[in-house]
Amino acid sequence: MTVRMLTRYHLELLVRSQRWLPPGLAYVLLMGLGVSGGDEALSAAAFSAGLLVPVTGWLVRSAVTAEPAQSRACLVAAAGWRRVHLSALLAAALAGLALGVLGLAAVLAVGSGGSGAAAAAGLLATVVCVLTGAAVGAVCNRPVVAGAQYAVPLGLAAVVLVLLVPGSPANAVVRALVLGARHGALSVPWWALPGASALAAGAGWAAVTVAVRRGE
């Protein structure tokens with residue numbers, strides 16, 4: 001089985017099991033509370049992107065725990081731990097990206113100042129924050145961290161860290177959007193995309209490696 005087929009399977013499992021609903025509804029609810037018609041598009045896009053870090057991390061947790069143990073064992077026997085876990089991470093990232101793109105389209109439609117530059121910067125921030133959230137989810141859930149009593153607080157701490165620490169790709173893009181909304185001059189940190197991609201790839205590699213070693 002290819003990674004593409006497995007990713008599609010995990011996406012379907014995420015939808016059928018309805019495990020996407022809690023993070024998805026949390027994103028929609030917070031967007032509804034935090035964004036209103038006429039808001040500056042850049043600041044609304046920053047809010048949407050920032051939310052995607054914890055939401056995507058939550059989706060990763062939902063994806064890697066959605067499959068029953070017996071079904072997962074059969075899938076691993078057919079495709080191996082590496083492909084199975086990698087495809088679950090990819091499915092969560094794609095689900096987070098879908099939410100983010102829909103949210104960005106909504107804020108650009110109802111907000112003010114939704115220019116082409118704002119749309120491009122918002123899309124960049126969306127992708128960067130989804131990748132960052134996927135990285136957080138990969139290293140703060142099974143098999144790297146076992147048990148919700150450890151995974152949840154560690155995940156929340158990691159979300160705060162990547163959003164607040166200067167030099168983090170997520171911090172850079174959100175900050176750029178907020179400053180652009182305040183001062184009317186948008187400076188897009190394009191380096192954040194390869195930075196977030198490297199972060200997600202490293203976290204995914206670490207999680208897959210642990211999955212192979214521990215066999216879970």
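The structure under discussion appears in the preceding block.
Note that this is a predicted model, so its numbers are computed, not measured.

Enquirer: Describe the overall build of the protein chain, with residues and values.
Expert: Tallying secondary structure elements over the protein chain gives nine helices and zero strands in all. For the protein chain, the α and β elements follow one another from N to C terminus as α-α-α-α-α-α-α-α-α. Burial analysis of the protein chain (216 residues in total) assigns 44% to the buried set. Expressed as a percentage of contacts within the protein chain between residues at least 6 apart in sequence, the contacts between residues at least 24 apart total 79%. For the protein chain, the accessible area works out to roughly 10,100 Å², and carbon and sulfur atoms hold 69% of it. Side chains of the protein chain carry 13 positive and 5 negative charges; the gap between the two charge centres is 11 Å.

Enquirer: How would you explain the environment of Val60 if you had to name every residue and give the values?
Expert: In this structure, Val60 sits in helix α3 (residues 41-64). Judged by relative accessible area, which is 1%, Val60 ranks as buried. It is 9.1 Å that separates the C-alpha atoms of Val60 and Ala135, two residues lying 75 residues apart in sequence.

Enquirer: Tell me about the packing of α3 against helix α8 (residues 169-183), residues and numbers included.
Expert: Two elements in contact, α3 and α8, have axes separated by 8 Å at closest approach and are oriented at 160 degrees. In terms of their interaxial angle, α3 and α8 are classed as roughly antiparallel. Seen from above, α3 lies across α8 with left-handed handedness. Seen from α3, the contacting residues are Leu42, Ser43, Ala45, Ala46, Ala49, Gly50 and Val53; seen from α8, they are Ala170, Val174, Leu177, Val178, Gly180 and Ala181. The residue inventory of the contact of α3 with α8, partitioned by class, reads ten nonpolar, three polar and no charged.

Enquirer: Go over a nonpolar patch on the surface, please, and point to the residues and values.
Expert: On the surface, Leu29, Leu30, Leu33 and Phe47 cluster together to form a nonpolar patch covering roughly 390 Å² of accessible area. Considering every element that reaches the nonpolar patch, the biggest residue donor is helix α2 (residues 21-34), with three residues. Relative accessible area serves as the criterion here: at 53%, Leu29 is assigned to the exposed category.

Enquirer: Outline the nonpolar core, supporting the account with residue identities and numerical values.
Expert: One finds Tyr27, Leu59, Val107, Cys129, Val173 and Leu177 to be the most contacted residues of the largest nonpolar core, which totals 48 residues. For this core, the secondary structure elements donating two or more residues are α2, α3, α5 (81-110), α6 (116-139), α7 (148-164), α8 and α9 (192-214). It is α3 that contributes the most residues to this core, 13 residues altogether. When neighbours within four sequence positions are excluded, Leu59 is seen to be in contact with Leu14, Trp20, Pro23, Ala92, Ala95, Gly96 and Leu99. With five residues, the next largest nonpolar core counts Leu75, Val76, Ala79 and Val84 among its residues.

Enquirer: Please provide a residue-by-residue account of the environment of Arg213, values included.
Expert: Mapped onto the elements of the fold, Arg213 is located in helix α9. Expressed as a C-alpha distance, the spacing of Arg213 and Gly137, which sit 76 residues apart in the sequence, is 19 Å.

Enquirer: Lay out α3 in plain terms, naming residues and giving numbers.
Expert: Taking 1.5 Å of rise per residue, the 24 residues of α3 would be expected to cover 34 Å, and the 34 Å separating its terminal C-alpha atoms lies within 8% of that figure. Val53 marks the point of greatest bend in α3, at about 30 degrees, and the proline Pro54 comes within the next four residues. The buried count for α3 comes to 19 of 24 residues, which makes it a mostly enclosed element.

Enquirer: Give a description of the side chain of Thr56 that names residues and reports values.
Expert: With respect to the helices and strands, the residue Thr56 is situated in helix α3. Residue Thr56 is classed as buried on the basis of its relative accessible area of 0%. In this structure Thr56 touches Ala92, Ala93, Gly96, Val130, Gly133 and Ala134, once residues within four positions along its chain are discounted.

Basis of the calculations
- Residues numbered from 1 in each chain as written.
- Predicted model: local features only at pLDDT ≥ 70, side-chain atom pairs only at ≥ 80, totals over all residues.
- Heavy atoms only, no water.
- Helix = DSSP H or I, 4+ residues; strand = E, 2+ residues; numbered from the N terminus.
- Buried < 20%, exposed > 50% of the residue type's maximum accessible area, 1.4 Å probe, protein only.
- Contact = heavy atoms within 4.5 Å.
- Areas by Shrake-Rupley, 256 points an atom, 1.4 Å probe, with all protein chains shown as cover.
- Lys, Arg positive; Asp, Glu negative; His and termini not counted.
- Charge placed at Lys NZ, Arg CZ, Asp CG, Glu CD.
- Axes fitted to C-alpha atoms, helices over the stretch in contact; angles between N-to-C directions.
- Parallel < 35°, antiparallel > 145°, perpendicular 65-115°, else oblique.
- Left-handed = near helix turned anticlockwise from the far one by under 90°.
- Nonpolar A, V, L, I, M, F, W, Y, C, P; charged D, E, K, R; others polar.
- Patch = residues over 30% accessible without salt bridge, like charges linked within 9 Å, V, L, I, M, F, W, Y side chains within 5 Å.
- Salt bridge = Lys/Arg side-chain N within 4 Å of Asp/Glu carboxyl O.
- Core = buried A, V, L, I, M, F, W, Y, C linked by side-chain atoms within 4.5 Å.
- Expected span 1.5 Å × (residues − 1).
- Bend = angle between axes of the 7 residues up to and from the residue.

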